[in-house]
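In case you want the letters, here they are:
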Amino acid sequence: MIDILRNILILCALLFYTGFTSAQSLALDSCLRLAEQNNCNLAQALLSQEKAQQVRNQARTKYFPQVNLIGAGFHALNPMAQVGIEDIPNATARDLLNTLYTNYGAALGLDKTIGFMQHGLVATVSAVQPIYMGGKIVAGNKLAQLGIQAARLQTDIQHRDVLLSVEESYWLVVNLEAKRQTVRSVASLLDTLHTIVSGAVNAGITLQNDLLMVEMRQDELSAQTLQLNNGIVLACRALFQAVGLPYSDKVQLCDTVSDYLPDTLAAPTTVNRPESQLLSLQVRAEQLKRRMTLADALPQVALGGVYGYMNYLAPLSQSARSQYITTSQEKHLNGFLGVMVRVPITDWWETGHKLKEHDLMIRQAQLQQKDLDEKMLLQEQQAYDRMRETYALIKQYERSLQHAEENLRLAQINYKAGMLTISDLLQSQALYLQAKNNLTDARIQYRIAYRTYFALME
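Thresholds, definitions, all that
- Residues numbered from 1 in each chain as written.
- Predicted model: local features only at pLDDT ≥ 70, side-chain atom pairs only at ≥ 80, totals over all residues.
- Heavy atoms only, no water.
- Pairing = 2+ DSSP bridges.
- Helix = DSSP H or I, 4+ residues; strand = E, 2+ residues; numbered from the N terminus.
- Axes fitted to C-alpha atoms, helices over the stretch in contact; angles between N-to-C directions.
- Expected span 1.5 Å × (residues − 1).
- Core = buried A, V, L, I, M, F, W, Y, C linked by side-chain atoms within 4.5 Å.
- Buried < 20%, exposed > 50% of the residue type's maximum accessible area, 1.4 Å probe, protein only.
- Contact = heavy atoms within 4.5 Å.
- Phe/Tyr/Trp six-rings, centres within 6.5 Å; stacked < 30°, edge-to-face > 60°.
- Parallel < 35°, antiparallel > 145°, perpendicular 65-115°, else oblique.
- Nonpolar A, V, L, I, M, F, W, Y, C, P; charged D, E, K, R; others polar.

Q: Describe in detail the sheet that holds strand 1 (residues 66-75), supporting the description with residues and values.
A: Strand order across the open sheet formed by four strands is 1-4-5-6, with antiparallel pairing between neighbours. Both outer strands of the open sheet, strand 1 and strand 6 (333-342), are each paired with one neighbouring strand and no more. Sheet twist, expressed as the average angle between the axes of neighbouring strands with direction ignored, equals 20°.

Structure, rendered in structure tokens:
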């Protein structure tokens, strides 16, 4: 059933991908859906959850009788037990039997010695029903149930982390794309400036040095463009791998930085995180393990029965064995019921040390829970502060960008009027590029910080 469902999901992913390829666009929501279907880490978490369910099913079987079929047969070269007339300790009886064997034994075809245990056959069915195992079965089933809960919580954590990682990869690509567009716009301005300065140099109005400065700046932007191109390819490959799709340079992301501009700062929230619940389960699991260890030192009661065919005492001689089988065949089927009671005595010494070890492990789990709970509070506070910080940076960089744009506009006017040098104009362009990239980074960082904080709080 799981394989069929997986194949259906993969088929849906391929259909999604075909649509994306034709449309040449991929939205964030689509990436998140594909990651839920195809991500390897999430698939492994779901398999771990199924494994925990199977462990729970195994533990349930301990409540029912343990039934076994046993069959065995043997054939020895010589009888493993032989009894003859001479083996009888009573002399009177031995003499009487010797006399009878001398008179009648040979005529009847009887052997003076009878052998046993040369051939044998055993076939039995047994059943043992636990009555009281010191509470070990109950504790084991509770521990298996905790395993299911822990697997579900770990799946939730993995699901959250996978989606957060996919979203971070998505916005990384968007960030690099936005920076590449900014570099291209500045490069376009430089191309226009290069034409103007080149004409001025040819006319003898300005120096060759001004043209060299423009060309050096163009080379810097070309290098930045190359780095951005390589970064975008690597980031796209990482994103496609996370969502389970083959890489294609024809697929473009349709979201932009401006699609998620914050209007107001999100308010803080509180929630019982799955990590905290996992820590509580860890403490409870150690307590159940201690209970199972204690059960090994308590009395155990079980009810059992055996029924079957047992024949391994047939005489050696053919005539005696035939007579034996004819007269006692019905006696080979037998059965019995019994009660087994086990009361450990010396195990208490070892169990006492094991219980102390479990007490220490429980204490360790409690301390770990307290420590990690405090660290998670710090993590939540840090995530919220990061969100506030990036929100404030957006407002600051928006003002900086406005100033940089106005500064560039005035620098271009003053340069054309001959009131500004080429180096000052290039500096204004560099400030504009830096301000634009800073605002892009701040918007992306806020988006990631926003999702990180609320992913922790979900």
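Q: Please set out helix 5 (residues 136-202) residue by residue, giving values where relevant.
A: With 67 residues, helix 5 extends 96 Å between its outermost C-alpha atoms, agreeing within 8% with the 99 Å of an ideal straight helix rising 1.5 Å per residue. Count one or two residues on from helix 5 and you reach Gly-204, which has phi positive near 80°.

Q: How would you summarise the nonpolar core if you had to cite specific residues and measurements?
A: Counting residues in each nonpolar core, the largest one holds 60 residues, and the members touching the most others are Val-166, Tyr-170, Leu-193, Val-197, Leu-239, Val-243 and Ile-422. Of all elements in the fold, only helix 2 (28-38), helix 5, helix 6 (208-243), helix 9 (347-416) and helix 10 (422-457) reach the threshold of two or more residues within this core. Here the element with the most residues in this core is helix 10; it accounts for 15 residues. Here Tyr-170 is in contact with Leu-26, Ala-27, Leu-28, Cys-31, Leu-239, Leu-253, Cys-254 and Asp-255, once residues within four sequence places are set aside.

Q: Can you tell me about the packing of aromatic side chains, naming the residues and giving the values?
A: In the structure shown here, the tally under the stated rule is seven aromatic pairs. Arranged with centres 5.4 Å apart and planes meeting at 50°, the rings of Tyr-384 and Tyr-453 form a pair that is tilted. Pair noted here: Tyr-384 is in helix 9 and Tyr-453 is in helix 10, with a separation of 69 residues, a long-range link. The exposure classification of Tyr-384 matches that of Tyr-453, with both residues buried. Members of the aromatic cluster, joined through ring pairs, are Tyr-384, Tyr-391, Tyr-446, Tyr-450, Tyr-453 and Phe-454.

Q: Let's hear about the packing of helix 7 (residues 274-295) against helix 9: which residues, and what values?
A: At a minimum axis distance of 9 Å, the contact between helix 7 and helix 9 shows a crossing angle of 175°. Classed by the angle they form, the pair helix 7 and helix 9 counts as roughly antiparallel. When the residues that make up the contact of helix 7 with helix 9 are grouped by side-chain class, the tally is 10 nonpolar, 10 polar and seven charged.

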